[in-house]
Amino acid sequence: MALSGIEIFKLLPKTNCKKCGFPTCLAFAMALAQGKAEIAKCPDISEDAKNKLGEASAPPIKTFTLGKEEKAVKLGGETVIFRHDKKFFNPTVLGLNIKDTLSDEELTKKAKEVADSEIERVGQKLRVEAISLEYVSKDPKRFESAVRVIVENAPDAVIILNCNDPSALEPAIKMIADRKPLIYCATEDNAEALANIAKTNRVPLAVSAEGPDALSTLTERIKGMGVEDIVIDPQPKNARELIHYNTIIRRSALKKGFKPLGYPIINFVIKEDPILEANIASIAIAKYASIVILSSVERWKNLALFTLRQNIYTDPQVPMQVEQKIYKIGEPTPDSPLMITTNFSLTYFIVAGEIENSKVPSWLAVMDCEGLSVLTAWAAGKFVASKIANFIKESGVENMVKNRELIIPGQVAILSGALEDKLEGWKVTVGPREANGLPTFLKSRAA
Ligand code: SF4
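Analysis parameters
Residues numbered from 1 in each chain as written. Predicted model: local features only at pLDDT ≥ 70, side-chain atom pairs only at ≥ 80, totals over all residues. Heavy atoms only, no water. Helix = DSSP H or I, 4+ residues; strand = E, 2+ residues; numbered from the N terminus. Buried < 20%, exposed > 50% of the residue type's maximum accessible area, 1.4 Å probe, protein only. Contact = heavy atoms within 4.5 Å. Near = heavy atom within 4 Å. Nonpolar A, V, L, I, M, F, W, Y, C, P; charged D, E, K, R; others polar. Expected span 1.5 Å × (residues − 1). Polar contact = N/O pair within 3.5 Å; in protein donor to acceptor, adjacent residues only side chain to side chain. Phe/Tyr/Trp six-rings, centres within 6.5 Å; stacked < 30°, edge-to-face > 60°. Axes fitted to C-alpha atoms, helices over the stretch in contact; angles between N-to-C directions. Parallel < 35°, antiparallel > 145°, perpendicular 65-115°, else oblique. Core = buried A, V, L, I, M, F, W, Y, C linked by side-chain atoms within 4.5 Å. Arc of directions from axis to C-beta. Salt bridge = Lys/Arg side-chain N within 4 Å of Asp/Glu carboxyl O. Pairing = 2+ DSSP bridges. Right-handed = clockwise from strand over helix to strand, strands pointing away. Patch = residues over 30% accessible without salt bridge, like charges linked within 9 Å, V, L, I, M, F, W, Y side chains within 5 Å. Areas by Shrake-Rupley, 256 points an atom, 1.4 Å probe, with all protein chains shown as cover. Lys, Arg positive; Asp, Glu negative; His and termini not counted. Charge placed at Lys NZ, Arg CZ, Asp CG, Glu CD.

Visitor: So, the environment of E354: which residues are in play, and what are the values?
Guide: Along the chain, the position of E354 falls in helix α12 (residues 345-358). Accessibility expressed as a relative area gives 17% for E354, which makes it buried. Here the alpha-carbon distance between E354 and L442, two residues 88 residues apart in the chain, equals 9.9 Å. Among residues more than four places away in sequence, those in contact with E354 are A435, N436, L438 and P439.

Visitor: Explain the environment of G95 residue by residue, including any values.
Guide: Its location among the elements puts G95 in strand β3 (residues 93-99). G95 sits in the buried class, given a relative accessible area of 0%. Excluding its chain neighbours within four sequence positions, the residues that come into contact with G95 are V128, A130, V292, I293 and L294.

Visitor: I'd like to hear about the site of the ligand, residue by residue, with values.
Guide: If you check the shell around the ligand, you find P13, T15, N16, C17, K18, K19, C20, C25, F28, C42 and P43 and nothing else. Looking at side-chain class alone, the shell around the ligand contains 7 nonpolar, 2 polar and 2 charged residues.

Visitor: Any details on helix α10 (residues 274-286)? Residues and values, ideally.
Guide: When the terminal C-alpha atoms of α10 are compared, their 18 Å separation across 13 residues agrees well with the 18 Å that a helix rising 1.5 Å per residue should span. Structurally, α10 contributes buried residues whose contacts are with β3, α9 (239-255), β11 (265-268), β12 (289-294) and α11 (299-312). A distance of 2.9 Å separates the backbone nitrogen of I275 from a side-chain oxygen at the start of α10, and that oxygen is part of D273. Taken from the residues just after α10, Y288 is the one with a positive phi, measuring 85°.

Visitor: Any details on the packing of aromatic side chains? Residues and values, ideally.
Guide: This model, assessed by the stated rule, comprises 7 aromatic pairs. For the pair Y135 and F143, a centre-to-centre distance of 5.2 Å together with 70° between the ring planes defines the contact as edge-to-face. By relative accessible area, F143 is classed as buried at 0%. Judged by centre distance (4.7 Å) and plane angle (45°), the rings of Y327 and Y348 are tilted. Placement of the pair is Y327 in strand β13 (residues 325-329) and Y348 in helix α12, with a sequence separation of 21 residues. Like Y348, Y327 is buried. Joined through ring pairs, the aromatic side chains of F88, Y288 and Y313 make up one cluster.

Visitor: With reference to specific residues and values, describe the packing of α9 against α10.
Guide: Here α9 crosses α10 at 10°, and the two axes come no closer than 10 Å. Taken together, the axes of α9 and α10 are roughly parallel relative to one another. On the side of α9, the interface is formed by A239, L242 and I243, while α10 contributes I280, I283 and A284.

Visitor: Any chance you could break down the nonpolar core for me, citing the residues and the numbers?
Guide: Membership of the largest hydrophobic core comes to 70 residues, with the highest contact counts inside it found for F143, L161, I183, L205, I222 and V292. The dominant element in this core, judged by the number of residues it contributes, is helix α5 (residues 140-153), at 6 residues. Core analysis: the second largest hydrophobic core is formed by 25 residues, C369, L406, L415 and V428 among them.

Visitor: So what's going on with helix α6 (residues 166-176)? Which residues, and what values?
Guide: For α6, the full list of buried residues reads A168, L169, A172, I173 and I176. All buried residues of α6 lie within an arc of 110° about the axis, which places them on one face of the element.

Visitor: Give me the lowdown on the side chain of N343, citing residues and values where you can.
Guide: Secondary-structure assignment places N343 in the loop between β14 (338-342) and α12. At 3.0 Å, the side chain of N343 and the backbone nitrogen of G371 are in polar contact. Those residues in contact with N343 that sit more than four places away from it in its chain are M320, Q321, V322, V366, M367, D368, C369, E370, G371 and L372.

Visitor: Report on unusual backbone geometry, specifying residues and quantitative values.
Guide: Comment: phi is negative for the bulk of residues other than glycine, and the bulk of peptide bonds are trans. The omega torsion across Y184 and C185 is 0°, close enough to zero to call that bond cis. For C185, the position within the fold is in strand β8 (residues 182-186). One non-glycine residue, K14, lies in positive phi territory at about 60°. Tracing the backbone shows K14 in the loop between α1 (5-11) and α2 (25-33). Positive phi, close to 40°, is recorded for E69, a residue that is not glycine.

Visitor: A description of the pattern of salt bridges should follow, citing residues and the corresponding values.
Guide: With the rule as written, the count across this model stands at 19 salt bridges. Here D48 ties to K52 by a salt bridge, and the two come within 3.3 Å at their closest N and O atoms. You can see D48 and its partner K52 sitting in helix α3 (residues 47-56), 4 residues apart, about one turn around the helix. Assessed through its relative accessible area of 43%, K52 is described here as partly exposed. Via salt bridges that share partners, E188, E192 and R221 belong to a single interconnected network.

Visitor: Outline the pairing of strand β17 (residues 427-430), supporting the account with residue identities and numerical values.
Guide: Pairing analysis gives 4 bridges linking strand β16 (residues 405-408) to β17, with the strands arranged parallel. Looking across to β17, one finds that L406 is bridged to V428. The β-α-β motif built from β16, the intervening helix α15 (residues 416-422) and the parallel element β17 has right-handed crossover chirality.

Visitor: Summarise a negative patch on the surface; cite the residues concerned and give the values.
Guide: On the surface, E69, E70, D156 and D178 cluster together to form a negatively charged patch. Tracing the backbone shows E70 in the loop between β1 (64-66) and β2 (73-75).

Visitor: Describe the side chain of T347, naming the residues involved and giving the relevant values.
Guide: Of note, T347 is situated in helix α12. The exposure class assigned to T347 is buried, which follows from its relative accessible area of 13%. The contact partners of T347, leaving out residues within four places of it in the chain, are T341, T342, S373 and V374.

Visitor: I'd like a rundown of a nonpolar patch on the surface, residues and numbers included.
Guide: Taken together, the side chains of I6, L26 and M30 present a nonpolar region at the surface, about 230 Å² in accessible area. Examined against the element boundaries, M30 turns out to sit in helix α2. Residue class for M30 comes out partly exposed when judged on its relative accessible area of 33%.

Written as structure tokens, this is what we have:
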């Protein structure tokens, strides 16, 4: 449980020496309780007090990584119940469950589906990050060779060893411990054996029990055995239970500082009906799952889940922006058309995509409007004639294009007269209102 300011104060030296930068030990204690100071700032604190306080001031949801190097994924670390309170930090990891009874050829195909799942959307690379290899064969040798096939064909994937038989787990984990896989899962019956394997190999361990109560008892037991990095599965049987359990877990960790539930959540959402599976996966992404395991990865499902995840894990207070500059679309020449838009990422990628569709090489001037879309920026006084004129003059585009013509979005046609007045020697042309009108507009001009 989190300690109050007064409880923290009782553990401090109480000399009011000010070395921590606060006028009194009490002021320092209050700042610590609010997460606004670090224990290390007090040089005179005893080791015992440091341990007690370190535990109490640890993040409410444990944070750690799975996987290797630059493709590692970060779990946990969330600090709010609702995204609009601040932001969500570490996006849900999506994973594909694969049974080890498949032939090597089928395993290879599935692993490659994960390896090839990456797409780019609004400037970000999005992919299915994990593979859960399920021990169905009951044959440790088969499990080991299946792990080998998976890691060969999906070298960047985070591996979840979905196996509760220590004799099959040990050789598999020795092979890939450096990739920091996740062991799934310790239960009431195998807790000691799996905790030992996780501890020896320094890898995180998933813990599974029905509902938050049983889970919290088990996580305390596992932690007592020396395993720190834990993922929890509350075993929801349906969407209603998933929302209920995941919400209790998040609230207990954040609102009550209840450490036994302060861990990232894993949800298996495997269903025969792919639409139902995608729906439940969406709920899990929205409601606090750090890892969601699916039965299949398909392009339509990936795109829907990637988009949802990207939106939920985007900071609501910071619009997604692209850099202010003159972008080349295709291989433009000094005679190519020049268009202008704002630096809201979505606007940029839609406009750039439509220009690409037109196959007319063009220049695209992207103006910094603090990440606002065209109409919003205009209404906010950020995309107006005087500012556009200054940007065009300072951007250096005059040295890139021969014809002095600037095409503005149709939504701000009202600016054309004032802009021509400010941009001496330039002709201002009003383009289409919507970006999807650009291909026809550009092709008709090029004809
Ligand atoms: Fe108190 Fe430690 Fe701060 Fe000194 S450095 S005032 S002992 S909390």
